[in-house]
Amino acid sequence: MDDAPGLPRIAALLADPARARILWSLVDGTTRPAGELAYCANISAQSASGHLAKLVSGGLLAAEVQGRHRYFRIASAEVAGAIEALASLDVPSRPRAPRPPLPSPDVPVQFLHARTCYGHLAGETAVQVLEGMLKARWLAAERRDFALTALGEKKLHALGIDLVEARRSRRVFARACVDLTQRRAHLGGALGDSLLGLYVAKGWIQRQRRSRVVSITPKGREGFRNWFGVQP
């Protein structure tokens, strides 16, 4: 494991509680100034400056200069997804009160509603899509993965999904991905990626620049309702 791809370096960046709180406060896709991040992490501005520099140089954060101020955001969707995945492993050893679903009370409702997670859709809408596919028997649960039924293959083909291309991927075809804000699964894997691409191509959702949040269009609301029984 001498050639492990930077895992010790990344682990060291995440191991500091202040840096972890800074990253967690930005996982919703927002861009925040250093002073606000210092407050979120409960540290001094000077300490925050040092931590932010390490996170930027480590590739976990990106910095933007606007006038005399610097603003910070998660460097990429992959970084944000990795943070969410790590957070979902935080299973308590004893019962405790449920945690707030998001790092900050002022997180936009749209983030809860629909956003990207790696290359697939996440949030309340994505959870409902998966539940609709299971209820309609398009998919059958097999532990962490899902098997596509004959009915599901017919329906997804009619929807416009290229199942041959999805199956050609080296990735798992259809996998349950724990949704951090909903505490339930949405659909990941190659099929989840294909569905997100289809939503964009059909104009069901619109991406936002430099944000994981996506907007569901009127056409999308109709499409999600008609195909998956979802009420966005």
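That block above? That's the structure.
Residues numbered from 1 in each chain as written. Predicted model: local features only at pLDDT ≥ 70, side-chain atom pairs only at ≥ 80, totals over all residues. Heavy atoms only, no water.

Caption draft 1: Molecular detail of the packing of aromatic side chains. Considering all chains together, one arrives at five aromatic pairs under this definition. Taken together, the ring pairs in this structure connect Trp138, Tyr199, Trp204, Phe224 and Phe228 into an aromatic cluster. Lying across the ring of Phe173, Arg167 places its NZ or CZ 5.2 Å from the centre. (Phe/Tyr/Trp six-rings, centres within 6.5 Å; stacked < 30°, edge-to-face > 60°. Lys NZ or Arg CZ within 6 Å of the ring centre and 35° of its normal.)

Caption draft 2: A look at the state of the cysteines. Summed over the entire model, instances satisfying the criterion amount to zero disulfides. Counting only cysteine sulfurs, Cys177 is the nearest neighbor of Cys117, a cysteine outside any disulfide, at a range of 4.0 Å. We classify Cys117 as buried; its relative accessible area is 2%. (Disulfide = S-S within 2.5 Å. Buried < 20%, exposed > 50% of the residue type's maximum accessible area, 1.4 Å probe, protein only.)

Caption draft 3: A look at the side chain of Thr217. Relative to the assigned elements, Thr217 resides in the loop between β11 (214–216) and α11 (218–228). Judged by relative accessible area, Thr217 falls into the buried class, the value being 11%. Contacts of Thr217, omitting those with residues within four sequence positions, involve Gly203, Trp204, Ile205 and Gln206. (Helix = DSSP H or I, 4+ residues; strand = E, 2+ residues; numbered from the N terminus. Contact = heavy atoms within 4.5 Å.)

Caption draft 4: Molecular detail of the environment of Glu222. Checked against the element boundaries, Glu222 lands in helix α11. Counting along the chain gives 18 residues from Glu222 to Trp204, while the straight-line C-alpha distance between them is 8.5 Å.

Caption draft 5: Inspection of the sheet that holds strand β3 (residues 69–74) at higher detail. Across the sheet, which stays open at both edges, the three strands sit in the order β1-β3-β2 with antiparallel pairing between neighbours. Both edges of this open sheet fall to β1 (32–33) and β2 (61–66), since each of them pairs with a single strand only. One ladder, built from six bridges, connects β2 with β3; its direction is antiparallel. Its bridge partner lying in β3, Glu64 is registered against Tyr71. The strands touched by helix α4 (residues 45–57) within the sheet are β2 and β3, with β2 carrying the most contacts at an inclination of about 115°. (Pairing = 2+ DSSP bridges. Axes fitted to C-alpha atoms, helices over the stretch in contact; angles between N-to-C directions.)

Caption draft 6: Representation of the environment of Ala48. With respect to the helices, strands and loops of the structure, Ala48 is situated in helix α4. Taking the C-alpha atoms as reference points, Ala48 and Ala34, 14 residues apart in sequence, are found 7.0 Å from one another. In contact with Ala48, other than residues within four places in its own chain, are Ala38 and Ile43.

Caption draft 7: Focus on the nonpolar core. In terms of nonpolar packing, the biggest core is built from 32 residues, with Leu156, Leu191, Leu195, Tyr199, Phe224 and Phe228 touching the most fellow members. Looking at this core, the elements that each hand over two or more residues are α7 (124–135), β7 (145–148), α8 (150–159), α9 (163–168), α10 (189–201), β11 and α11. With six residues, α10 is the largest single contributor of residues to this core. Residues contacting Leu156, with those up to four places away along its chain left out, are Met133, Trp138, Leu148, Ile161, Leu163, Leu191 and Leu195. (Core = buried A, V, L, I, M, F, W, Y, C linked by side-chain atoms within 4.5 Å.)

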